[in-house]
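Read off the chains here:
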Amino acid sequence: LNRPRIFEQIIITQFIVSIFVSVNLLLIATVFSNHVFLSTMRYILFVITLVSDSVFLILSNLLLILYNIYFTMQVSLCIIFYLIVCLSVFVTPVTLTAMTLERYVAICLPLRHPELCSLHNTQKCILIILTVSSVPCFIILSTFIAAASSSVYTQHKRCSMEMFVSLPWQNNFKFAVYQFYFFIMSITITFSYVKIMIVAKAASGENKKSTWKGLSTVILHAFQLLLCLIQLWCPFIESAIIKIDLLLYINVRYFDYVTFILAPRCLSPLIYGLRDEKFLNALKYLALCVGI
């Protein structure tokens, strides 16, 4: 293996992760600096994606470093890491889907928006997001438990997400679960886009401008969600490549990590950090205060 090349990739990853996590922390602080943001559904959902992305970036980066320095840990501890990382992987696309539905309600059902997107319903929405996101994680973990012997939990191994899918039927089952989630979220995004497009064409004046802005937000959500969902396919592509060429597998895995894992998590600041005037003003004020 080309160890210098791998080391170089890890260094570049540290730089990228540091920037994204720093930006996310600044955005999270901005949300918590204004009580208006904490009483509005879309900003609350936005901060959930930021927290989820930050947790994922920190833990996945830590596991990447530990794996490449051949650090071993007890399998039971690796399971805990897996559950947290897996949950954060699904929380972001599921929350993006919920944010798209919020935009649909705001534009297509404006009179019902205050009722449907109230703070009480936002709390229910968060519980639904966490429940829906945790289901595939526990399903995949249950297949590992079903196939593993009782002694495996005390063994020390290099922690990798691939260790939970060792048999062909586990891989097929995991792929089926991922495809189901991909299908449901894609249908939701498409439905919202079509409905908002119809309203946008019929709107006029200020309503037309606001509606087209909402439509562009949904398009950005769709693109971000597409990258997140492609991430769900990466393990299956990588598992096929590793059988062909180990060095190619390492390079492809690094490309997937940067393109389909890191990249989607840099779009959130663009969608809500730069395009939302109210949030941008609060961000500028906080940045100036931090700078002082």
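Data block above holds the structure.
The structure presented is a predicted model; accordingly, all values stated were derived computationally and were not measured.

What the protein chain contains, in helices and strands, is ten helices and two strands. Starting at the N terminus and walking to the C terminus, you meet the elements of the protein chain as α-α-β-α-α-α-β-α-α-α-α-α. For the protein chain, whose C-alpha radius of gyration is 21 Å, the value lies close to the compact-globule estimate of 19 Å for 292 residues. Principal-axis analysis of the C-alpha atoms gives the protein chain an extent of 65 × 45 × 35 Å.

Another aspect to go through is the state of the cysteines. One pass over the structure, following the stated rule, counts two disulfides. Each sulfur in the disulfide pair Cys78 and Cys159 lies 2.0 Å from the other. Because the torsion about its S-S bond is 80 degrees, the bridge between Cys78 and Cys159 counts as right-handed. Linking Cys78 in helix α3 (residues 75-108) with Cys159 in the loop between β2 (156-158) and α6 (168-202), this pair joins segments that are 81 residues apart in sequence. Neither residue differs from the other here; Cys78 and Cys159 are each classed as buried.

The full count for this structure, using the stated rule, is two salt bridges. When the shortest N-O distance is used, the salt bridge between Arg103 and Glu102 registers 2.8 Å. A salt bridge links Arg112 to Glu115, with the shortest nitrogen-to-oxygen separation between them at 3.6 Å.

Turning our attention to helix α2 (residues 41-68). Over its 28 residues, α2 extends 40 Å from the first C-alpha to the last, a length consistent with the 40 Å expected when each residue adds 1.5 Å. Most of α2 sits out of view: 20 of its 28 residues are buried. Once α2 ends, the next one or two residues include Tyr70, with phi positive near 60 degrees.

A cluster of nonpolar side chains, namely Val51, Val55, Leu77, Ile80 and Ile84, defines an oily patch on the protein surface of about 370 Å² accessible area. Every element with two or more residues in the nonpolar patch is listed here: α2 and α3. No other element matches the three residues that α3 contributes to the nonpolar patch. If you trace the backbone, Ile84 turns up in helix α3. For Ile84, a relative accessible area of 37% gives the class partly exposed.

In this model helix α5 (residues 119-147) runs 43 Å from its N-terminal to its C-terminal C-alpha over 29 residues, within 8% of the 42 Å that 1.5 Å per residue would give. Along α5, the sharpest change in direction is near 25 degrees and occurs at Ser134; proline Pro136 comes one to four residues later. Taken as a whole, α5 has its buried residues at Thr122, Cys125, Ile129, Ser133, Ser134, Pro136, Cys137, Ile140, Leu141, Thr143 and Phe144. Elements that come into contact with the buried residues of α5 comprise α2, α3 and α6.

Within the fold, Glu102 resides in helix α3. Residue Glu102 is classed as buried on the basis of its relative accessible area of 3%. Residues within four places of Glu102 in sequence aside, it is in contact with Met41, Arg42, His113 and Cys117.

Take the nonpolar core next. With 63 residues, the main nonpolar core has Leu45 and Phe164 as its most contacted residues. Counting residues per element, this core draws most heavily on α3, at 16 residues. Leu45 has contacts with Thr95, Ala98, Met99, Cys125 and Ile129, leaving out every residue within four places of it along the chain. Within the second largest apolar cluster, six residues are counted, among which are Ile6, Ile10, Tyr249 and Val252.

For the rest of this paragraph, the subject is the layout of surface pockets. Which parts of space are left empty comes out when a probe the size of a water molecule is rolled across the atoms. Of the voids in this model, the largest pocket is the one considered here, and its volume is about 1,300 Å³. In terms of lining, the largest pocket is formed by 46 residues, of which the most central are Ser160, Glu162, Glu238, Tyr249 and Arg253. Top contributing element to the lining of the largest pocket by residue count: helix α8 (residues 246-262), with eight residues. Per-class residue counts for the lining of the largest pocket are 29 nonpolar, nine polar and eight charged.

Packing of α2 against α3 leaves a shortest axis separation of 9 Å and a crossing angle of 155 degrees. With respect to α3, the element α2 is oriented roughly antiparallel. Read as a crossing pair, α2 and α3 show a hand that is left-handed. Contacts from Met41, Arg42, Leu45, Phe46, Ile48, Thr49, Ser52, Asp53, Val55, Phe56, Leu59 and Leu63 of α2 reach α3 at Phe81, Ile84, Val85, Ser88, Val89, Val91, Thr92, Thr95, Ala98, Met99, Glu102 and Arg103. Here the contact of α2 with α3 is composed, by residue class, of 15 nonpolar, five polar and four charged.

About the cut-offs
Residues numbered from 1 in each chain as written. Predicted model: local features only at pLDDT ≥ 70, side-chain atom pairs only at ≥ 80, totals over all residues. Heavy atoms only, no water. Helix = DSSP H or I, 4+ residues; strand = E, 2+ residues; numbered from the N terminus. Rg over C-alpha atoms; globule rule 2.2 N^0.38 Å. Disulfide = S-S within 2.5 Å. Buried < 20%, exposed > 50% of the residue type's maximum accessible area, 1.4 Å probe, protein only. Salt bridge = Lys/Arg side-chain N within 4 Å of Asp/Glu carboxyl O. Expected span 1.5 Å × (residues − 1). Patch = residues over 30% accessible without salt bridge, like charges linked within 9 Å, V, L, I, M, F, W, Y side chains within 5 Å. Areas by Shrake-Rupley, 256 points an atom, 1.4 Å probe, with all protein chains shown as cover. Bend = angle between axes of the 7 residues up to and from the residue. Contact = heavy atoms within 4.5 Å. Core = buried A, V, L, I, M, F, W, Y, C linked by side-chain atoms within 4.5 Å. 1 Å grid on protein atoms, 1.4 Å probe; cavity = no way out; pocket = protein on both sides within 12 Å on 5 of 7 lines; lining within 4 Å. Points joined across faces, edges and corners; volume = space filled by probe spheres on them. Nonpolar A, V, L, I, M, F, W, Y, C, P; charged D, E, K, R; others polar. Axes fitted to C-alpha atoms, helices over the stretch in contact; angles between N-to-C directions. Parallel < 35°, antiparallel > 145°, perpendicular 65-115°, else oblique. Left-handed = near helix turned anticlockwise from the far one by under 90°.

Any link to function would need more than the numbers given here.
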